[in-house]
Amino acid sequence: MMLLKTIEELEQWMKDNCFNFDSYSVNGNFIHEGYGIENSGGLFIWYYIERGERENLKYFATETEAVTYAYNQITADKRANAHCIGFTQNKEESFELSSKLEEMNIPFFQDEIPYYGEKFPVYRTLVFGCDIKRVTDLKAKYYLHKDV
């Protein structure tokens, strides 16, 4: 395990390793849903927020303890560094994107979700970590829905 002591170090480590901040509030960034860490009067809190409802899950006396816990939670989450680069209702486009990623030797994950209802599935493609920097052109072409 990497020895991070402060929330700022955790935030920088996440940035350096291309983790996304969509589901993690570290050092005050806003999230709609997910986990966060904050300092509240010297008490460090690990919390979960969903639909505007916040639940404090764990309390820590020191920042280092809280950061160690947060780091372990984040690194255990296999989607914490996943980045959606393909979002389409066209299954053929999804296959085309997977072929391009395979050619580039970039690991990826694909799934099908009922985003617009059961009869109108959406095909998602996700890459991990800093591979997101290698596929900006593919995201521009295959990420057809800007709200996700």
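Residues numbered from 1 in each chain as written. Predicted model: local features only at pLDDT ≥ 70, side-chain atom pairs only at ≥ 80, totals over all residues. Heavy atoms only, no water.

## Side note on the nonpolar core
Move 1: Core analysis: the largest hydrophobic core is formed by 19 residues, its most contacted members being Leu10, Met14, Val26, Ile37 and Ile74.
Move 2: Tallying contributions element by element places helix α2 (residues 63-76) first for this core, with 5 residues.
Move 3: Residues contacting Leu10, with those up to four places away along its chain left out, are Leu4, Val26, Val67, Ala70, Tyr71 and Ile74.
Move 4: In terms of nonpolar packing, the next biggest core, distinct from the first, is built from 10 residues, Leu97, Val127, Leu138 and Tyr142 among them. (Core = buried A, V, L, I, M, F, W, Y, C linked by side-chain atoms within 4.5 Å. Buried < 20%, exposed > 50% of the residue type's maximum accessible area, 1.4 Å probe, protein only. Helix = DSSP H or I, 4+ residues; strand = E, 2+ residues; numbered from the N terminus. Contact = heavy atoms within 4.5 Å.)

## Describing the packing of aromatic side chains
Move 1: Counted according to the given criterion, the structure contains 11 aromatic pairs.
Move 2: With centroids separated by 4.8 Å and ring planes inclined at 55 degrees, the aromatic side chains of Tyr35 and Tyr48 adopt a geometry described as tilted. One end of the pair, Tyr35, is in strand β2 (residues 34-40); the other, Tyr48, is in strand β3 (residues 43-50), with 13 residues separating them in the sequence.
Move 3: Relative accessible area serves as the criterion here: at 31%, Tyr35 is assigned to the partly exposed category.
Move 4: With 5.1 Å between their ring centres and 90 degrees between their planes, Phe87 and Tyr115 make a pair best called edge-to-face. Placement of Phe87 in strand β5 (residues 82-88) and of Tyr115 in the loop between β6 (108-113) and β7 (122-128) is noted, with a sequence separation of 28 residues between them.
Move 5: What makes Phe87 buried here is its relative accessible area of 2%.
Move 6: Here a set of aromatic residues connected by ring pairs shows up, and it is made of Tyr24, Tyr35, Trp46, Tyr48, Phe60 and Tyr69.
Move 7: Directly above the ring of Tyr47 sits Arg54, whose terminal nitrogen or CZ lies 3.8 Å from the centroid.
Move 8: For the cation-ring pair, Lys139 lies above Tyr143, with the distance from its terminal atom to the ring centre recorded as 4.9 Å. (Phe/Tyr/Trp six-rings, centres within 6.5 Å; stacked < 30°, edge-to-face > 60°. Lys NZ or Arg CZ within 6 Å of the ring centre and 35° of its normal.)

## Here's the deal with the pairing of β2
Move 1: In the sheet, strand β1 (residues 24-26) pairs with β2 via 3 bridges, with the strands oriented parallel. Across the sheet, Ser25 pairs through a bridge with Gly36, a residue of β2.
Move 2: Looking at chain direction, β2 and β3 are connected through 7 bridges and run antiparallel. Note that in β3 the partner of Ser40 across the bridge is Leu43.
Move 3: Between β2 and β3, which pair antiparallel and follow one another directly, the connecting turn spans 2 residues, one of which, Gly41, has a positive phi of 65 degrees. (Pairing = 2+ DSSP bridges.)

## Remarks on the state of the cysteines
Throughout this description, disulfide means a covalent bond between two cysteine sulfur atoms.
Move 1: This model, assessed by the stated rule, comprises 1 disulfide.
Move 2: Covalently, Cys18 is tied to Cys130 through a disulfide, its sulfur atoms 2.1 Å apart. The disulfide joining Cys18 to Cys130 has a torsion of about 95 degrees about its S-S bond and is therefore right-handed. Of this pair, Cys18 sits in the loop between α1 (7-16) and β1 while Cys130 sits in the loop between β7 and α4 (136-142), placing them 112 residues apart in sequence. (Disulfide = S-S within 2.5 Å.)

## Focus on the environment of Glu9
Move 1: Inspection of the secondary structure assignment puts Glu9 in helix α1.
Move 2: With a relative accessible area of 36%, Glu9 lands in the partly exposed category.
Move 3: Put simply, Glu9 and Val26 are 17 residues apart on the chain and 10.0 Å apart in space, counted from C-alpha to C-alpha.

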